Amino acid sequence: MLILCGLYASAGAPPDMLIRHETPDDGPAIAAVVERAFTDHPHGSGTEAAIVRALRAADALVVSLVAEVEGQVRGYVAASAVQVAGQSTSWHGLGPVAVEPAVQGQGIGSWLIAECLAQLRRKASSGCVVLGEPGYYGRFGFKAASGLVYPGPPSEFFMALPFKSCVPQGVVAYHEAFAGEA
Ligand SMILES: CC(C)(COP(=O)(O)OP(=O)(O)OC[C@H]1O[C@@H](n2cnc3c(N)ncnc32)[C@H](O)[C@@H]1OP(=O)(O)O)[C@@H](O)C(=O)NCCC(=O)NCCS
């Protein structure tokens, strides 16, 4: 991984792709990509772009990365702090993750997630949770973690990736921007 002035050019990534932090001008392009990615998504709520805006307004985006291809924002990933058993923790929740439908399946989502997880580790996060497809997130090391619970969806869709040895126990709550829709 090359790190150049906050820009991330990942070895093995599509050659014209750049992963970088969001800038103040990126809001509309991020919202557009997120909306298009979740349109007709079987588990989409239609509120994902609003969640990103609310996280940003609350200054709760611990990581907020875009994938830029040929100068266009084509993918996005966020991470924000989660509470466990009603307590603040150094654990984080991954998402939303979104890639422009026309360029899905080209590795953009994987590079965004890998860089997001690397940044969380650098920020001394203790671990990350995600709600999503085990077949996809398992490839990044996410697994079901007994004792770490997210009420509602079937338990196999809620996974954890510890960065340290200790995994907290209890019910996980995402930032209130998710309003129960994480
Ligand atoms: C999920 C998503 C972010 C993946 O991004 P991407 O750039 O298309 O993914 P990559 O190119 O890195 O990886 C593609 C691989 O993931 C697999 N994959 C993609 N979505 C998947 C899913 N929902 N379940 C299982 N596997 C999935 C593909 O089959 C492909 O597998 P392969 O490598 O064996 O060919 C993107 O498809 C997307 O935006 N989807 C709509 C929104 C969404 O579901 N977001 C995640 C929930 S927050």
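Residues numbered from 1 in each chain as written. Predicted model: local features only at pLDDT ≥ 70, side-chain atom pairs only at ≥ 80, totals over all residues. Heavy atoms only, no water.

**Q** What is the right way to read the site of the ligand from this model?
**A** Of all residues adjacent to the ligand, which total 17 residues, the nearest are His41, Val99, Gly107, Gly109 and Ser110. In this structure, an oxygen atom belonging to the ligand sits 2.8 Å away from a main-chain N or O atom of Gly109. Taking Tyr136, its side chain carries an N or O atom lying 3.3 Å from an oxygen atom of the ligand. Look at the ligand: alone it shows 890 Å² of surface, and the protein chains cover 66% of it. Taken together, the elements giving at least two residues each to the shell around the ligand come down to helix 1 (27-38), strand 6 (87-99), helix 3 (108-122) and helix 4 (134-137). By residue class, the composition of the shell around the ligand is 8 nonpolar, 7 polar and 2 charged. (Near = heavy atom within 4 Å. Polar contact = N/O pair within 3.5 Å; in protein donor to acceptor, adjacent residues only side chain to side chain. Areas by Shrake-Rupley, 256 points an atom, 1.4 Å probe, with all protein chains shown as cover. Helix = DSSP H or I, 4+ residues; strand = E, 2+ residues; numbered from the N terminus. Nonpolar A, V, L, I, M, F, W, Y, C, P; charged D, E, K, R; others polar.)

**Q** How should I be thinking about the nonpolar core in this particular structure?
**A** Within soluble globular proteins, side chains that are nonpolar tend to cluster in buried spots. Ranked by size, the top nonpolar core spans 29 residues in total, and within it Tyr76, Val129 and Leu148 carry the most contacts. Broken down by secondary-structure element, the contributors of at least two residues to this core are helix 1, helix 2 (48-57), strand 5 (72-84), strand 6 and strand 9 (158-162). Per-element accounting of this core gives the leading share, 6 residues, to helix 1. Counting residues in hydrophobic clusters, the runner-up holds 26 residues, among them Ile19, Val77, Met159 and Phe163. (Core = buried A, V, L, I, M, F, W, Y, C linked by side-chain atoms within 4.5 Å. Buried < 20%, exposed > 50% of the residue type's maximum accessible area, 1.4 Å probe, protein only.)

Interpretation in functional terms is not warranted from these geometric data alone.
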